[in-house]
Amino acid sequence: MTRKAAKQSFEEKLKELEEIARKLDDPSSPLEASLELFERGVKLGRELHQELESARLKVRKLMDDGRLEPLDLQLSGNRAVEKKD
């Protein structure tokens, strides 16, 4: 189900999350398997949210000053925020 050795792209994570949601809709899935799937889905959801937040901040920065620089981000709660020195 997961590729731990190689970093998954955003699209691969999203596809895996969609597959997990489909499997969780199956009422015949055993409880333990469903809990494992749910846990993986929550983790993927958080990672996807963080990547989207990072992209949003980059777009905002580009729109503000017309140039795109690497952002030094940190996770605050479930949001990515730019680090302040």
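The structure under discussion appears in the preceding block.
Conventions we followed
- Residues numbered from 1 in each chain as written.
- Predicted model: local features only at pLDDT ≥ 70, side-chain atom pairs only at ≥ 80, totals over all residues.
- Heavy atoms only, no water.
- Helix = DSSP H or I, 4+ residues; strand = E, 2+ residues; numbered from the N terminus.
- Buried < 20%, exposed > 50% of the residue type's maximum accessible area, 1.4 Å probe, protein only.
- Contact = heavy atoms within 4.5 Å.
- Areas by Shrake-Rupley, 256 points an atom, 1.4 Å probe, with all protein chains shown as cover.
- Salt bridge = Lys/Arg side-chain N within 4 Å of Asp/Glu carboxyl O.
- Axes fitted to C-alpha atoms, helices over the stretch in contact; angles between N-to-C directions.
- Left-handed = near helix turned anticlockwise from the far one by under 90°.
- Nonpolar A, V, L, I, M, F, W, Y, C, P; charged D, E, K, R; others polar.

**Student:** When you look at the overall build of the protein chain in this model, what are you seeing that I'm missing?
**Tutor:** For the protein chain, the count of helices and strands is two helices and two strands. When the helices and strands of the protein chain are placed in sequence order, the string is α-α-β-β. Per-residue burial over the protein chain gives 18% buried out of 85 residues. Long-range contacts, defined here as pairs at least 24 residues apart, represent 44% of the contacts in the protein chain between residues at least 6 apart. Per element, the accessible surface of the protein chain, about 6700 Å² overall, is 55% carbon and sulfur.

**Student:** Quick question: what am I supposed to make of the pattern of salt bridges here?
**Tutor:** Any two side chains of opposite charge can pair, given that their charged atoms come close. All chains considered together, the criterion is met by six salt bridges. The closest approach of N and O atoms between Glu47 and Lys13, which form a salt bridge, is 3.3 Å. Taken as a pair, Glu47 in helix α2 (residues 31-65) and Lys13 in helix α1 (residues 10-24) lie far apart in primary sequence, 34 residues in all. Accessibility expressed as a relative area gives 21% for Glu47, which makes it partly exposed.

**Student:** Would you explain the packing of α1 against α2 in this entry?
**Tutor:** A pair of packed helices is characterised by two quantities: the angle between their axes and the separation of those axes. In contact at an axis separation of 9 Å, α1 and α2 are set at 145 degrees when each is read in the N-to-C sense. Seen along the crossing, α1 lies across α2 with a hand that is left-handed. On α2, the residues that touch Phe10, Lys13, Leu14, Glu16, Leu17, Ile20, Lys23 and Leu24 of α1 are Ser34, Leu37, Phe38, Arg40, Gly41, Leu44, Gly45, Glu47, Leu48, Glu51 and Leu52. Considered class by class, the residues forming the contact of α1 with α2 number 10 nonpolar, three polar and six charged.

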